[in-house]
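Architecture and fold: a report
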Amino acid sequence: MFNKYLRDPFLIVMGLCMEILKLPWILITGLVPLFFGIFMLIKAVASDLSVASTESCNPNVDPVDGEVLSNQRRKICELPPVVLVHGVFGFGEGKMGHVSYFGGAEKKYERVFVPDLGSLTSIHDRARQFYYLKGGQVDYGEEHSKACGHSRFGRVYKQGKYPEWDEDRPIHFVGHSAGAQTVRVLHQMLADKAFRGYENTSENWVLSLTAICGAFNGSTRTYITGMKPENWKSIKAISPLQLCRLSIIFSDWMDISWLKSYYTFGFDHFDMSWRKVGLKGLFNCLMGKAGPFGSGDWVLPDLTIQGSMEINQKLKTFPNTFYFSYATKRTRKINSVTIPAPIMEINPWFYIQISEMCRWRYPTNVPLPYEGYRDEDWQDNDGELNTISMTHPHLPTEHPHCFVANDSELLLQPQPGIWYYKIIEAVHVQFVLNLDKAAVYDEVYDSIFECCRKLSKNKSSSL
């Protein structure tokens, strides 16, 4: 094909014109998330200042009866905790001041942990943050670390959030977007006894796994933003993801401590700081010779269809764990054509994103990601993920699953080892930050935590 363009100057000019016409839209799609991130950072700083001001004005707090407080703590400690796992560009406790990634959902349950896993680190590296719960130093694995060109060891958790975690004291996990796939990888690692210093782990350490917009089978959004369908670990030369890549490299290289105290992309184990690598290291990262973008060890390749299939080949659905999934869509069909829901019902930016995913087609000159792929199967979406990807793991192998129409069916008599999924009308971000105070937000989280309480009660009564 390249030789054809060389022989025909007209095609060269047309090709260049097409790429130039794309630039304004690429800039818009790259800058809108950046400006939103800046807005959220300002909001986080403002919330910190507001809390500090309030505390200085009201230093005295009414005392609480010691016996009442002791009884409350005892009851809470008897409950299996819920761990909320964030998705791409997300954050956990200790980051973004007093802003909650889950929009305050953690207040709906008695005992909740929200780990900060790195907003753009690979699914594997996110899952290795197991030590956040048990305590110890994060170990990414010798073989993986050498292959991906980063340090083997990471952050040290002197005191785990739940050091007593074991088969008799299992945990509920709730993952949003890539957070759901992160939990699946962690679950498999527990079954494989893959954590140094904790050789007694098993699949029974996870009581339930609930996915909200779970990224199980990949997303066509990854190709729209810049991942190459023909080489799913590489980024197109001209794409929104190139702007993202450059921003991340410069941010990590500058290593601004106060900024990282609020937000980090999670690439500290790549040692990209100017203090360690200097200008030569910056050049190597920009040229793709080093860093996460050089090795492909970051989250976007894992969210392509091919990357998800590679991960899924190693993952099982375990017979003693309960599985629930809330898949989302904001599309409708008219004469067999998939289009976004009415623009009056959706934020204009999400409307554009949903429309893009409805119209996207897999390139005809590239081998299909799997046998039987059809574009029409992947057109229903929520602006970031395709609905077919969120219901349950089914690529490359179908896992046991059951569709449910309403939450009451989940609470009746769920069976372990089966993915119960429900499809609801919502955009991808309606379950995080909770900026629009949508009713569906409360309905979903209330249902999840009610189910967790019931399963916990059943677990306690069986012991």
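Please read these numbers as outputs of a predicted model, since none were measured by experiment.

The rules we used
Residues numbered from 1 in each chain as written. Predicted model: local features only at pLDDT ≥ 70, side-chain atom pairs only at ≥ 80, totals over all residues. Heavy atoms only, no water. Helix = DSSP H or I, 4+ residues; strand = E, 2+ residues; numbered from the N terminus. Buried < 20%, exposed > 50% of the residue type's maximum accessible area, 1.4 Å probe, protein only. Contact = heavy atoms within 4.5 Å. Areas by Shrake-Rupley, 256 points an atom, 1.4 Å probe, with all protein chains shown as cover. Core = buried A, V, L, I, M, F, W, Y, C linked by side-chain atoms within 4.5 Å. Salt bridge = Lys/Arg side-chain N within 4 Å of Asp/Glu carboxyl O. Pairing = 2+ DSSP bridges. Axes fitted to C-alpha atoms, helices over the stretch in contact; angles between N-to-C directions. Phe/Tyr/Trp six-rings, centres within 6.5 Å; stacked < 30°, edge-to-face > 60°. Patch = residues over 30% accessible without salt bridge, like charges linked within 9 Å, V, L, I, M, F, W, Y side chains within 5 Å. Parallel < 35°, antiparallel > 145°, perpendicular 65-115°, else oblique. Left-handed = near helix turned anticlockwise from the far one by under 90°. pLDDT = per-residue confidence, 0-100.

1. A closer look at the overall build of the protein
Along its length, the protein carries 18 helices and 13 strands. Within the protein, the fraction of its 463 residues that count as buried is 51%. In the protein, once contacts between residues fewer than 6 apart in sequence are set aside, the share between residues at least 24 apart is 72%. As presented, the protein carries roughly 22,600 Å² of accessible surface, and 58% of it is formed by carbon and sulfur atoms.

2. A word on the nonpolar core
Counting residues in hydrophobic clusters, the biggest one holds 103 residues, and the most contacted among them are Phe130, Leu133, Trp165, Phe173, Phe431, Tyr445 and Ile448. With residues near it in sequence (within four places) discarded, Phe130 still touches Trp165, Leu186, Leu190, Phe195, Tyr198, Thr201 and Trp205.

3. Quick notes on the pattern of salt bridges
Enumeration according to the criterion identifies 20 salt bridges in this entry. Here Lys276 ties to Asp271 by a salt bridge, and the two come within 3.1 Å at their closest N and O atoms. The exposure class assigned to Lys276 is exposed, which follows from its relative accessible area of 62%. Salt bridges sharing common partners tie together Asp139, Glu142, Lys146, Arg152 and Arg196.

4. Comments concerning the environment of Lys454
Position of Lys454 relative to the elements: it lies in helix α18 (residues 439-462). Sequence separation of Lys454 and Leu412 is 42 residues, and the distance between their C-alpha atoms is 9.9 Å.

5. Description of the sheet that holds strand β13 (residues 419-425)
Read across the sheet, seven strands follow the order β2-β1-β5-β6-β9-β13-β12 without closing on themselves; strand pairing throughout is parallel. Strand pairing shows two members of the sheet lacking a second neighbour, β2 (112-113) and β12 (401-403), which therefore form its edges. Examined bridge by bridge, β12 and β13 share three bridges and lie parallel to one another. Looking across to β13, one finds that His401 is bridged to Trp419. Against the sheet, helix α7 (residues 178-191) makes contact with β1 (82-85), β5 (171-176), β6 (206-212), β9 (322-329) and β13, and its axis sits at roughly 145° relative to β5, the strand it touches most.

6. Looking at the packing of aromatic side chains
All told, the structure shown has 28 aromatic pairs when counted by the stated rule. Between Tyr223 and Trp360, the aromatic rings sit 5.3 Å apart at their centres with planes inclined by 15°, giving stacked as the arrangement. Linking Tyr223 in helix α8 (residues 221-225) with Trp360 in the loop between α15 (348-359) and α16 (387-390), this pair joins segments that are 137 residues apart in sequence. Tyr223 gets classed as buried once you look at its relative accessible area, which sits at 0%. On the numbers, 6.1 Å between centres and 70° between planes, the contact of Phe267 with Phe293 is edge-to-face.

7. A word on helix α14 (residues 305-312)
α14 sits mainly inside the fold: seven of its eight residues count as buried. Buried within α14 we find Ile305, Gln306, Gly307, Ser308, Met309, Ile311 and Asn312. On the buried face of α14, the contacting elements are α4 (123-127), α7, α8, β8 (231-235) and α13 (299-302).

8. Here's the deal with a nonpolar patch on the surface
A cluster of nonpolar side chains, Leu27, Leu31, Leu34, Phe35, Ile38 and Ile42, forms an exposed patch at the surface whose accessible area comes to about 550 Å². Structurally, Ile38 can be placed in helix α2 (residues 9-57).

9. Examining the packing of α7 against α14
Helix-helix packing: each pair is described by the crossing angle between the helix axes and the interaxial distance. Relative orientation of the contacting elements α7 and α14 amounts to 25°, with a least axis distance of 11 Å. With respect to their mutual orientation, α7 and α14 come out roughly parallel. Relative to α14, α7 is oriented so that their crossing is left-handed. Here α7 contributes Gln181, Arg184 and Val185 to the contact with α14, which in turn contributes Ser308, Ile311 and Asn312.

10. What to know about the confidence of the model for the protein
In the predicted model, the protein carries a mean pLDDT of 89, and 88% of its residues have values of at least 70. For residues 1-7, every residue scores under 50 in pLDDT, and the model assigns this stretch five contacts once sequence neighbours within four places are set aside. This model gives residues 66-75 a pLDDT under 50, and the stretch forms one contact once residues within four places in sequence are excluded.

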